[in-house]
Amino acid sequence: MDNIIVAGKKTQLDKPASDITKNLWLGLLTEFDIYQFAMNGHQLLLLAAKESVNYSPLQLSNIADRIEQSVQIPAVFYFSNIPTYERDRLVDKGVYFVVSDKFAFVPTILANRRLSNNVIPTQLLPSTQHLLLMHLQRRSLDGMTIKEIAEIAPYKYSTLAKSAQQLAALGLAEFKTDGNRNKLLNFIPDKCELWERSQPYLSSPIKQSGYIEESLNRGVIGGIEALSHYSMLTGEDNPTRVFTIDESKDLKNELSKFEDIQRVEIWKYPPVEEEGYVDRLSLYLTLRDDTDPRVQKELETTINEMPW
């Protein structure tokens, strides 16, 4: 390849500099065609698999992390075509990629941005939403570096860096270098104001939900039972159980849309758990469209009583 189309612009591809390739491992050089390109002042490596090998999103994420540790340059994977569900899996793992001239998910282009559309995305990445809700509820992340956040958050450095960039682009935080050349994440100081300003970008964490015919005693408690824990609402006979995508591999194919004994929710990100229950703000996002006025009343009370 001589070039690729990114954000509607033709971008020149070059061979990587020798000081880069000498720091990459032989297996990588054997399995991928590797190019170097610049975009908005950033140097990036483009990797195109030489053969039709199906690498999992986790494998690609590990490869990208190893490359960045070796040469301090982010890796972007090239696909001529890829199903939407595979794109979603790559995004969940924080893998940067380009699909022909149709779609891009790279550090300098905000998450899930269509290449024909220059509008800032209106929905936070799962990792970004988790980071924001962690800051609002569990502990302040203000003034921390990405390396420091990576020690307490369930995401890799590269994923968190992308989330910090998205928060900054949406005006919810600043991500700037201090006098010691450390990049620090600084949120809007007032947490209540931050919550209000983030509303247009927040979404329900539920990726899939349904029922199974047996009761479960594992998983974080969510749904109406969790709301009853935080309010005066009557709970469920059998508590809703919440799992992440990775935790639910043995469940997702069993889920039925027909009401049964056990309700299960599969979330896009890990809940900021509070004593075995999903966190208040994520819970609010799962139930804010519920039409039951009792649920809406208790949700409003729960938010109003938040210890910002």
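Criteria and cut-off values
- Residues numbered from 1 in each chain as written.
- Predicted model: local features only at pLDDT ≥ 70, side-chain atom pairs only at ≥ 80, totals over all residues.
- Heavy atoms only, no water.
- Pairing = 2+ DSSP bridges.
- Helix = DSSP H or I, 4+ residues; strand = E, 2+ residues; numbered from the N terminus.
- Axes fitted to C-alpha atoms, helices over the stretch in contact; angles between N-to-C directions.
- Contact = heavy atoms within 4.5 Å.
- Core = buried A, V, L, I, M, F, W, Y, C linked by side-chain atoms within 4.5 Å.
- Buried < 20%, exposed > 50% of the residue type's maximum accessible area, 1.4 Å probe, protein only.
- Salt bridge = Lys/Arg side-chain N within 4 Å of Asp/Glu carboxyl O.
- Polar contact = N/O pair within 3.5 Å; in protein donor to acceptor, adjacent residues only side chain to side chain.
- Phe/Tyr/Trp six-rings, centres within 6.5 Å; stacked < 30°, edge-to-face > 60°.
- Lys NZ or Arg CZ within 6 Å of the ring centre and 35° of its normal.
- Parallel < 35°, antiparallel > 145°, perpendicular 65-115°, else oblique.
- Left-handed = near helix turned anticlockwise from the far one by under 90°.
- Nonpolar A, V, L, I, M, F, W, Y, C, P; charged D, E, K, R; others polar.
- pLDDT = per-residue confidence, 0-100.

Caption draft 1: Focus on the sheet that holds strand S12 (residues 206-212). A sheet is described by the order of its strands in space; here four strands give the open sequence S12-S15-S14-S13, paired in mixed fashion. Looking at which strands have only one partner, the edges of the open sheet turn out to be S12 and strand S13 (220-222). For this sheet the average axis-to-axis angle between neighbouring strands, irrespective of direction, equals 35°. Looking at chain direction, strand S14 (residues 240-244) and strand S15 (residues 262-267) are connected through four bridges and run parallel. The residue bridging Phe-243 from the neighbouring strand is Ile-266, located in S15. Packed onto the sheet, helix H9 (residues 223-230) meets S13, S14 and S15 and runs at close to 85° relative to S13.

Caption draft 2: Structural view of the sheet that holds strand S10 (residues 173-177). If you trace the three strands from one edge of the open sheet to the other, you get S9-S11-S10, paired in antiparallel fashion. In the strand order of this sheet, the two ends are held by strand S9 (144-145) and S10, each with one partner. Pairing geometry for S10 and strand S11 (residues 183-187), over five bridges, is antiparallel. Its bridge partner being in S11, Glu-174 is matched across the sheet by Asn-186.

Caption draft 3: Summary view of the nonpolar core. Counting 47 residues, the largest nonpolar core has Leu-133, Ile-149, Leu-185, Phe-187 and Trp-195 as the members making the most contacts within it. The dominant element in this core, judged by the number of residues it contributes, is helix H5 (residues 126-137), at five residues. In contact with Leu-133, not counting residues within four places along its chain, are Arg-138, Trp-195, Tyr-269, Val-272, Asp-279, Leu-281, Ser-282 and Leu-285.

Caption draft 4: How the structure looks around the pattern of salt bridges. With the rule as written, the count across this model stands at eight salt bridges. Between Glu-193 and Arg-197 there is a salt bridge, and its shortest N-O distance comes to 3.4 Å. One end of the pair is Glu-193 and the other is Arg-197, both in helix H8 (residues 191-198) and four residues apart, which spans about a single turn.

Caption draft 5: Layout of the side chain of Glu-86. Secondary-structure assignment places Glu-86 in helix H4 (residues 84-92). For Glu-86, the side chain forms a polar contact with the side chain of Arg-89, separated by 3.1 Å.

Caption draft 6: Layout of the packing of aromatic side chains. With the rule as written, the count across this model stands at seven aromatic pairs. One aromatic cluster is present, formed by Phe-32, Tyr-55 and Phe-77 through successive ring pairs. The ring of Trp-25 has Arg-66 sitting right over it, with the charged end atom 3.8 Å from the ring centre.

Caption draft 7: Structural view of the packing of H5 against H8. Interhelical geometry of H5 versus H8 gives an angle of 155° and a closest axis separation of 10 Å. By the angle between their axes, H5 is roughly antiparallel relative to H8. Between H5 and H8 lies a crossing of left-handed hand. Taken together, the residues of H8 that come into contact with H5 (itself represented by Leu-132, Leu-133, His-135 and Leu-136) are Lys-191, Leu-194, Trp-195 and Ser-198. Tallied by class, the residues present in the contact of H5 with H8 amount to five nonpolar, two polar and one charged.

Caption draft 8: Quick look at the packing of H9 against helix H10 (residues 280-287). Contact geometry for H9 and H10: axes closest at 10 Å, N-to-C directions at 130°. Considering their axes alone, H9 and H10 lie oblique with respect to each other. Where H9 crosses over H10, the handedness of that crossing is left-handed. The residues of H10 that touch H9, namely those facing Gly-223, Ile-224, Ala-226, Leu-227 and Tyr-230, are Arg-280, Leu-283 and Leu-287. In the contact of H9 with H10, the residues fall into six nonpolar, one polar and one charged.

Caption draft 9: Just the confidence of the model for the protein chain, in detail. When pLDDT is averaged along the protein chain, the result is 88; 94% of the residues meet or exceed 70. For residues 108-120, every residue scores under 50 in pLDDT, and the model assigns this stretch 33 contacts once sequence neighbours within four places are set aside.

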